[in-house]
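Structural characterization, general
Each chain, written out:
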Amino acid sequence: MTKKLHIKTWGCQMNVYDSSRMADVVAPLGYAPSETAEGADLVIFNTCHIREKASEKLFSELGRLKPMQQDKAAKGERMIVAVAGCVAQAEGAEIQRRAPYVDMVFGPQTYHQLPEMIARVTRQSGGVLNTEFPPDSKFDALPQQRNGDVSAFLSIQEGCDKFCTFCVVPYTRGAEYSRGVAAIIAEAEVLAANGAREITVLGQNVNAFHGEGPDGAVWGLGRLLRRLADIPNIKRLRYTTSHPRDMDDDLIAAHRDVPQLMPFLHLPVQSGADAVLDAMNRKHTSDDYRRIIDKLRAARPDIALSSDFIVGFPGETDADHAATMRLVRDIGFASAFSFKYSRRPGTPAAAMVQQVPETVQDARLQELQALLRAQQEAFNQSLVGKTIPVLFDGVARNDSGRHEGRQMHGRAPFMQSTYIAAPAAAPERLIGHELAVTITQARQSSLIGELAQAG
Ligand code: SAH
Ligand code: SF4
Ligand code: F3S
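Residues numbered from 1 in each chain as written. Chains lettered and ligands numbered in written order. Predicted model: local features only at pLDDT ≥ 70, side-chain atom pairs only at ≥ 80, totals over all residues. Heavy atoms only, no water.

**Concerning the sheet that holds strand β10 (residues 198–202)**
- The parallel open sheet is built from three strands, whose spatial order is β7-β10-β13. Each end of this open sheet is capped by a strand with a single partner; those strands are β7 (151–155) and β13 (236–240). Strand-to-strand, the axes of this sheet are offset by a mean angle of 25°, without reference to chain direction.
- Pairing analysis gives five bridges linking β7 to β10, with the strands arranged parallel. Across the sheet, the residue bridging to S155 is L202, located in β10.
- Running at roughly 155° to β13, helix α8 (residues 221–228) makes contact with β10 and β13 of the sheet. (Pairing = 2+ DSSP bridges. Helix = DSSP H or I, 4+ residues; strand = E, 2+ residues; numbered from the N terminus. Axes fitted to C-alpha atoms, helices over the stretch in contact; angles between N-to-C directions. Contact = heavy atoms within 4.5 Å.)

**Description of the site of ligand 2**
- In the vicinity of ligand 2, the contacting residues are C160, K162, F163, C164, F166, C167, V169, P170, N205, H243 and R282.
- For the shell around ligand 2, the per-class residue count stands at seven nonpolar, two polar and two charged. (Near = heavy atom within 4 Å. Nonpolar A, V, L, I, M, F, W, Y, C, P; charged D, E, K, R; others polar.)

**Details of the environment of D103**
- With respect to the helices and strands, D103 occurs in the loop between α3 (85–98) and β5 (104–106).
- Taking relative accessible area as the criterion, D103 reaches 11% and is therefore assigned buried.
- Through-space distance from the C-alpha of D103 to that of I118 is 9.2 Å; in sequence the pair is 15 residues apart.
- With residues near it in sequence (within four places) discarded, D103 still touches Q69, R78, M79, I80, V81, V121, G127 and V128.
- Within the structure, the side chain of D103 is placed 2.7 Å from the backbone nitrogen of V81, a separation counted as a polar contact. (Buried < 20%, exposed > 50% of the residue type's maximum accessible area, 1.4 Å probe, protein only. Polar contact = N/O pair within 3.5 Å; in protein donor to acceptor, adjacent residues only side chain to side chain.)

**Quick look at the packing of helix α12 (residues 318–331) against helix α13 (residues 358–381)**
- Put simply, α12 and α13 touch, their axes get as near as 10 Å, and they point 5° apart. Considering the angle they form, α12 stands roughly parallel to α13. Seen from α12, the contacting residues are D318, H321, T324, M325, V328 and R329; seen from α13, they are R364, E367, L368, L371, L372 and Q375.
- Broken down by class, the residue content of the contact of α12 with α13 amounts to five nonpolar, three polar and four charged. (Parallel < 35°, antiparallel > 145°, perpendicular 65-115°, else oblique.)

**Comments concerning the packing of helix α9 (residues 249–257) against helix α11 (residues 286–299)**
- Two elements in contact, α9 and α11, have axes separated by 7 Å at closest approach and are oriented at 35°. Facing D249, I252, H255 and R256 of α9, the residues of α11 in contact are K295, L296 and A299.
- Here the contact of α9 with α11 is composed, by residue class, of three nonpolar, one polar and three charged.

**Describing the environment of D287**
- Along the polypeptide, D287 turns up in helix α11.
- As a C-alpha pair, D287 and T241 span 46 residues in sequence and 20 Å in three-dimensional space.

**With respect to α3**
- Along α3, the helix axis deviates most sharply at E91, where the bend reaches about 95°.
- If you follow the buried residues of α3, they end up packed against β3 (42–47), α2 (52–74), β4 (80–84), β5, β6 (128–130) and α6 (169–173). (Bend = angle between axes of the 7 residues up to and from the residue.)

**Let's talk about the nonpolar core**
- Of all hydrophobic cores here, the largest spans 51 residues; its most connected members are L221 and Y239.
- In this structure, A40, L62, M79 and Y101 belong to the second largest nonpolar core, which totals 21 residues. (Core = buried A, V, L, I, M, F, W, Y, C linked by side-chain atoms within 4.5 Å.)

**What about the side chain of D320?**
- Of note, D320 is situated in helix α12.
- Buried and unpaired, D320 has R364 as its nearest opposite-charge partner, separated by 6.8 Å.
- Not counting the four nearest positions on each side in its chain, D320 is found in contact with A273, A275, V276 and G315. (Lys, Arg positive; Asp, Glu negative; His and termini not counted. Salt bridge = Lys/Arg side-chain N within 4 Å of Asp/Glu carboxyl O.)

**Considering α11**
- In this model α11 runs 20 Å from its N-terminal to its C-terminal C-alpha over 14 residues, within 8% of the 20 Å that 1.5 Å per residue would give.
- All buried positions along α11 are accounted for by S286, Y289, I292, I293, L296 and A299. Seen along its axis, α11 keeps its buried residues to an arc of 140°; they face one direction. Those residues of α11 that are exposed and aimed more than 90 degrees away from the buried face are D294 and A298. (Expected span 1.5 Å × (residues − 1). Arc of directions from axis to C-beta.)

Have a look at this one:
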């Protein structure tokens, strides 16, 4: 009998990837994915711990689940409730205390053990808590991905040894670890055979990748991307998230040499002020970052850039904030994420004196976001009238007012969602194809256009 599985995912793309792998792991046990939690036999919340609000959201969602679980129990059925991901890793015992009806709490390195954990909770009463970092790698034990998406994620690196003073990731994901090249290529080939045309390789510090190659040598990310580009049918490659310190020359050269590597890079800088970067333990200066961007632009002149920013880090002065604004103005970003510094228990920055008052953080965030928004709009506007390749991945949901009737959704090289009116006959045939689209209109974060060639 099929059982209903509902997975809800917060956080970064690694969590999105992990969620799809968890679905793969439990599929042989008869669990089929469902959009809703209502009546589910297994609910997994895959959580994020990066900022404060993330764990608060988890507890409110858990509260909504409890009556559904009780309804099922009244019918003599069981809803297994599980919390996975980074909050589970960081606050496992706290989750069990605050929400004792949660059956399983387990960290990101244990997903291959899910069948045993499920067996344990169904056999016995009482919960499972599994926040070990097992010596066997979860990647070796997970089944091959059977994802049918045009655009697929592939985790190649996990964990982090950089210990930025604000960040929980080194504690929730554990030490940096790179998968072997052969396993990555095998997974990419399966994805391509199942229809993937774009692969985004993932890691908390994906460009720190140093996996063992089939030749016994250690491969960096540049070399891996060149090899992935050889796989037939893979038209586009991307990687995220990268760290400025690991942007080596070979990787920068790959932006020049590998046509499949898309001209878009998310490269978080966090701050434009050296004193703040130092206090964050980022181990690079604002000039180092500018130099990397110069090299990237020399290698790939059309590259569009994106970044992450934290405002109001402890000790950040008005002059420091002005330096961040200046960096943004100098570089010009096509998109960006910006956050107020959030104090995370157990991280070095949480203990720093001179925490910045929330009102100051709010004002700085507003000022920064206004600038970033204007840059994003200007960048999208600059594409109007241009013809660019768009990789189509689906028939879009009815997005009011953009086009009469159905529309096709695809992605521009620079990541924007791009919509065209769906051709009257069999629009699905466009899915998986990269076609030239002339952009006619730009929105805050999406583009509208029409096919420049017969579809
Ligand atoms: N490994 C990546 C970032 C991973 S976390 C890197 O080093 O760049 C994603 C983003 O969340 C970070 O880039 C940072 O901008 C933000 N972030 C992390 N911890 C935070 C905190 N305590 N408060 C606010 N933002 C935070
Ligand atoms: Fe966190 Fe820094 Fe590691 Fe990125 S590099 S995951 S910000 S500790
Ligand atoms: Fe969040 Fe964990 Fe990713 S804390 S950002 S889900 S690595």
